[in-house]
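Chain by chain, the residues run as shown.
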Amino acid sequence: MPKLGMEPIRRAALVDATIAEIGAVGSLEVTVSRIARRAGMSSALAHHYFGSKEALFLAAMRHVLSVYTAEVRAELAGLRGPRARVSAVIRASFAESSFGREAVGAWLNFYVLAQRAPEARRLLAVYQRRLHSNLVHALRPLAGAAAPAIAEGAAALIDGAYIREALRAGPPDAAAATAMVEAQIAAALGEQTKRSA
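Everything numeric here is computed off the predicted structure, so don't read it as measured data.

**Student:** Is there a simple way to explain the packing of aromatic side chains in this structure?
**Tutor:** Given two aromatic rings, their pairing is described by the distance between the two centres and the angle made by the two planes. All chains considered together, the criterion is met by seven aromatic pairs. Consider the rings of F94 and Y162, whose centres lie 6.1 Å apart with planes at 25°: the pair is stacked. Here F94, found in the loop between α5 (82-93) and α6 (96-99), pairs with Y162, found in helix α9 (residues 147-167); they are 68 residues apart in sequence, far enough to count as distant. For the pair F94 and Y162, one class covers both residues: buried. Three or more aromatic residues link up through ring pairs in this structure, and these residues are Y68, F94, F99, W107, Y127 and Y162.

Quick look at the structure:
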């Protein structure tokens, strides 16, 4: 008989192992048995908790997105002023929890999964809408009607930074990625200021 309360612990261990395996292999071509072995349990138990490899991938994706959401909330907590809020969203996008080597690999592979799995596509769409909405909300007082376009450019740069980091050797450079997006926003806001002057 299984111990009470073990299911959430085992599920979390399998999700963490899934992210680690995807990050280590660099693709979705990992087996449930390999994930289960990393989590210290049998593949039968992994199948019992999740039912399929895709369900396990989706659970990992939900976890990555919830960690990102928590990072954004933590960065935004107590901030005043729109420019500070823009910077907070950018910092959260490159936090260690989302921009570490394994997490970068997982994010990119979730994009691949979204091409064939409707639920993964839906989850990524939720993430993209939240990122865009957070940026537009902070940018609107600074850029007015140009806020959505600036936000779209910043979001594309954030996604692009993940792709570049996945192809680089060594640990991801969050400071460089943050500086790149900040420079784009500063340039866009400077152009907006000149137009309205």
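**Student:** Looking at this structure, I do not really get the nonpolar core. What am I missing?
**Tutor:** The nonpolar side chains of soluble globular proteins are, as a tendency, buried together. Core analysis: the largest hydrophobic core is formed by 65 residues, its most contacted members being L14, F94, W107 and L139. Sort the elements by how many residues they give to this core and helix α4 (residues 53-76) lands first, with 11 residues. Beyond its immediate stretch of four places on either side in the chain, L14 contacts I35, A36, A39, M41, A46, Y49, F50 and L56.

**Student:** Even after reading the chapter, I still don't get α4, so can you show me in this structure?
**Tutor:** Helical geometry note: an α-helix holds 3.6 residues per turn, so side chains three or four residues apart project in the same direction. Spanning 24 residues, α4 covers 35 Å between terminal C-alpha atoms, matching the ideal 34 Å at 1.5 Å per step. A positive backbone phi angle near 75° is found at G78, which sits one or two residues after α4.

**Student:** How should the packing of helix α2 (residues 32-39) against helix α3 (residues 43-50) be read in this particular structure?
**Tutor:** Packed helices, taken two at a time, are described by the angle between their axes plus the distance between the axes. Two elements in contact, α2 and α3, have axes separated by 8 Å at closest approach and are oriented at 100°. Considering their axes alone, α2 and α3 lie roughly perpendicular with respect to each other. When α2 is examined against α3, the residues V32, S33 and A36 are found in contact with a partner set consisting of S43, A46 and H47. Taken together, the residues of the contact of α2 with α3 break down into three nonpolar, three polar and no charged.

**Student:** Explain the packing of helix α7 (residues 101-114) against helix α8 (residues 118-143) here, please?
**Tutor:** Remark: α7 packs on α8, axes separated minimally by 7 Å, with the N-to-C direction vectors making an angle of 125°. Between α7 and α8, the interaxial angle falls into the category oblique. Where α7 crosses over α8, the two elements pack in a sense that is left-handed. Seen from α7, the contacting residues are W107, F110, Y111, L113 and A114; seen from α8, they are A120, R121, L124, Y127 and Q128. Grouping the constituent residues of the contact of α7 with α8 by class yields eight nonpolar, one polar and one charged.

**Student:** For this particular structure, what's the right way to read the pattern of salt bridges?
**Tutor:** Close approach of charged atoms allows side chains of opposite charge to pair. Summed over the entire model, instances satisfying the criterion amount to nine salt bridges. Note that R62 is salt-bridged to E119, the shortest N-O span being 3.3 Å. Within this pair, whereas R62 is found in helix α4, its partner E119 is found in helix α8, the two being separated by 57 residues in sequence. Note that R168 is salt-bridged to E165, the shortest N-O span being 2.9 Å. For R168, a relative accessible area of 38% puts it in the partly exposed group. Judged by its relative accessible area of 7%, E165 is buried. Residues participating in the shared-partner salt-bridge network are E21, R34 and R38.

**Student:** Help me out: how do you make sense of empty space enclosed by the protein in this one?
**Tutor:** Over the atoms rolls a probe the size of a water molecule, and its path tells where empty space is left. The full count for this structure, using the stated rule, is two cavities of 30 Å³ or more. Reported here for the largest cavity is a volume of approximately 40 Å³. Lining of the largest cavity is provided by W107, L108, Y111, Y127, D159 and Y162. Those elements that place two or more of their residues in the lining of the largest cavity are α7 and α9.

Rules of the game
Numbers given to residues run from 1 along each chain, matching the order in which its sequence is written. pLDDT decides what is reported in this predicted model: residues at 70 or higher carry local features, side-chain atom pairs at 80 or more are listed and counted, and totals for whole chains, interfaces and linings draw on all residues regardless. Processing note: side-chain calculations cover all non-hydrogen atoms of the structure and skip hydrogens and water entirely. Aromatic pairing here means that ring centres of Phe, Tyr or Trp (its six-membered ring) are within 6.5 Å. Orientation follows from the plane angle: under 30 degrees is stacked, over 60 is edge-to-face, and everything else is tilted. Strands here are runs of E lasting at least two residues and helices are runs of H or I lasting at least four, both read from the DSSP assignment and numbered beginning at the N terminus. Residue burial is assigned from relative accessible area. The probe radius is 1.4 Å, only protein chains are included, and a residue is buried under 20% of its type maximum, exposed over 50%, and partly exposed in between. Among the buried residues, those of types Ala, Val, Leu, Ile, Met, Phe, Trp, Tyr and Cys that are joined through side-chain atoms within 4.5 Å form a nonpolar core. What makes two residues a contact is simply this: any of their non-hydrogen atoms within 4.5 Å. An expected span of 1.5 Å times one less than the residue number is assigned to each helix. The axes are straight lines fitted to the C-alpha atoms, using for helices just the contacting stretch, and the angles between their N-to-C directions are given from 0 to 180°. Our angle categories are set so that under 35 degrees counts as roughly parallel, over 145 as roughly antiparallel, 65 to 115 as roughly perpendicular, and the remainder as oblique. Ten residues, namely Ala, Val, Leu, Ile, Met, Phe, Trp, Tyr, Cys and Pro, are considered nonpolar, four, namely Asp, Glu, Lys and Arg, are considered charged, and the remaining ones, Gly among them, are considered polar. For any pair of crossing helices, the crossing counts as left-handed if the nearer helix is rotated counterclockwise from the farther one by less than a right angle, and right-handed if it is rotated clockwise. What makes a salt bridge here is a side-chain nitrogen of Lys or Arg within 4 Å of a carboxyl oxygen of Asp or Glu, nothing more. A cavity here means a set of points on a 1 Å grid, drawn over the protein atoms and nothing else, where a 1.4 Å probe fits but cannot get out; a pocket is an open set with protein on both sides within 12 Å along at least five of seven lines, and a residue lines either one if it has an atom within 4 Å of a point. Grid points are joined across faces, edges and corners, and a volume is the space filled by probe spheres set on the points.

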